[in-house]
Amino acid sequence: VSLPESITTIYNHAFEGCSLLKEINLPENLLELSFRAFAECTSLASITIPYPTNFESEIFDGCTNLKTAKIEHAIYLPSGVFKNCGLKKVYLPDSLAGIDRTVFEGVPKNMKIYGNNDYIKNFATKHGYKCVSDSKLGLFLNEVEKDSENKDINDCC
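Residues numbered from 1 in each chain as written. Predicted model: local features only at pLDDT ≥ 70, side-chain atom pairs only at ≥ 80, totals over all residues. Heavy atoms only, no water.

Moving on, we come to the overall build of the protein. The helix and strand tally for the protein stands at two helices and 10 strands. Mapped in sequence order, the helices and strands of the protein form the string β-β-β-β-β-β-β-β-β-α-β-α. A burial count over the protein gives 43% of its 157 residues as buried. For the protein, the proportion of contacts with a sequence separation of at least 24, taken over those separated by at least 6, is 18%. With an accessible surface of roughly 7,800 Å², the protein has 49% of that area assigned to carbon and sulfur atoms. (Helix = DSSP H or I, 4+ residues; strand = E, 2+ residues; numbered from the N terminus. Buried < 20%, exposed > 50% of the residue type's maximum accessible area, 1.4 Å probe, protein only. Contact = heavy atoms within 4.5 Å. Areas by Shrake-Rupley, 256 points an atom, 1.4 Å probe, with all protein chains shown as cover.)

What follows is the structure, encoded as structure tokens:
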């Protein structure tokens, strides 16, 4: 699914339960992801969230196949954004200054958090996740770009 650039908000429950949704391209003009917008999208494998976006709770709750997430800009991540996801890698931006303690509730402890600011590093350590920063961050971003480029339109549905 590719959303038009005119979309600025994805409202409550917009795609909730869309179990066949494998990929979505969010518009650069996106300002807000609302409550449970993509909850239970069990085929969604990766997501890139553009700058600047505000987050509500439980956006990706139950996205069990969601393995990678890249957030380009955020100041705060509220409760349960990635609750019960199968995340292996998540990129958190340097702009992040607050993360609710339940953001990754139910996410495997072997997930790697990529981020450079001290807040992210401290959060990862406190909650038992490995934080990867500096030079390895660039490698991850390149990997995310390659994953996006290698998607075939026929893989969508």
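That was the structure; now back to the text.
Taken in spatial order, the five strands of this open sheet run E3-E5-E7-E9-E10, and their pairing is parallel. Here the strands that pair on one side only, and so sit at the sheet edges, are strand E3 (46–49) and strand E10 (130–132). Taken pair by pair, the neighbouring strands of this sheet meet at an average axis angle of 15°, ignoring direction. The pairing of strand E5 (residues 68–71) with strand E7 (residues 89–91) spans three bridges and is classified as parallel. (Pairing = 2+ DSSP bridges. Axes fitted to C-alpha atoms, helices over the stretch in contact; angles between N-to-C directions.)

Further remarks concern the nonpolar core. Soluble globular proteins tend to bury their nonpolar side chains together. Counting residues in hydrophobic clusters, the biggest one holds 40 residues, and the most contacted among them are Phe38, Phe60, Phe82, Leu87, Leu92, Phe104 and Ile113. Put simply, the parts of the chain that give this core at least two residues each are E3, E5 and helix H1 (118–126). Broken down by element, this core gets its largest block of residues, three residues, from H1. The contact partners of Phe104, leaving out residues within four places of it in the chain, are Phe82, Leu87, Val90, Leu92, Met111, Ile113, Phe123 and Tyr129. (Core = buried A, V, L, I, M, F, W, Y, C linked by side-chain atoms within 4.5 Å.)

To continue, consider the environment of Cys41. Tracing the backbone shows Cys41 in the loop between strand E2 (32–33) and E3. Here the alpha-carbon distance between Cys41 and Lys22, two residues 19 residues apart in the chain, equals 8.0 Å. Apart from residues no more than four positions distant in its own chain, Cys41 is found in contact with Phe15, Gly17, Cys18, Leu21 and Cys63.

Across the protein, pLDDT averages 89, with 85% of residues at or above 70. Confidence, read as mean pLDDT per element, is least for helix H2 (residues 135–149) in the protein (58) and greatest for strand E1 (residues 9–10) (97). Considering only residues more than four positions removed or in separate chains, one finds that residues 152–157, a stretch of pLDDT under 50, has five contacts. (pLDDT = per-residue confidence, 0-100.)

The next subject is the side chain of Thr102. Here Thr102 lies in the loop between strand E8 (98–99) and strand E9 (112–114). Taking relative accessible area as the criterion, Thr102 reaches 16% and is therefore assigned buried. Only 3.2 Å separates the side chain of Thr102 from the backbone nitrogen of Gly80, close enough to count as a polar contact. (Polar contact = N/O pair within 3.5 Å; in protein donor to acceptor, adjacent residues only side chain to side chain.)

Attention shifts here to the sheet that holds E1. A sheet is described by the order of its strands in space; here three strands give the open sequence E1-E2-E4, paired in parallel fashion. Here the strands that pair on one side only, and so sit at the sheet edges, are E1 and strand E4 (54–55). As judged from the two bridges shared by E2 and E4, these two strands associate in the parallel manner. By the bridge assignment, Leu33 is partnered in E4 with Phe55.

Along H1, the residues classified as buried are Ile120, Phe123 and Ala124. Mapping the buried residues of H1 onto a view down its axis gives an arc of 100°, with all of them on the same face. The exposed set on the far side of H1, more than 90 degrees from its buried face, consists of Asp118, Asn122, Thr125 and Lys126. As for H1, its buried residues are in contact with E8, E9 and E10. Backbone geometry just after H1 places Gly128 at a positive phi near 80°. (Arc of directions from axis to C-beta.)

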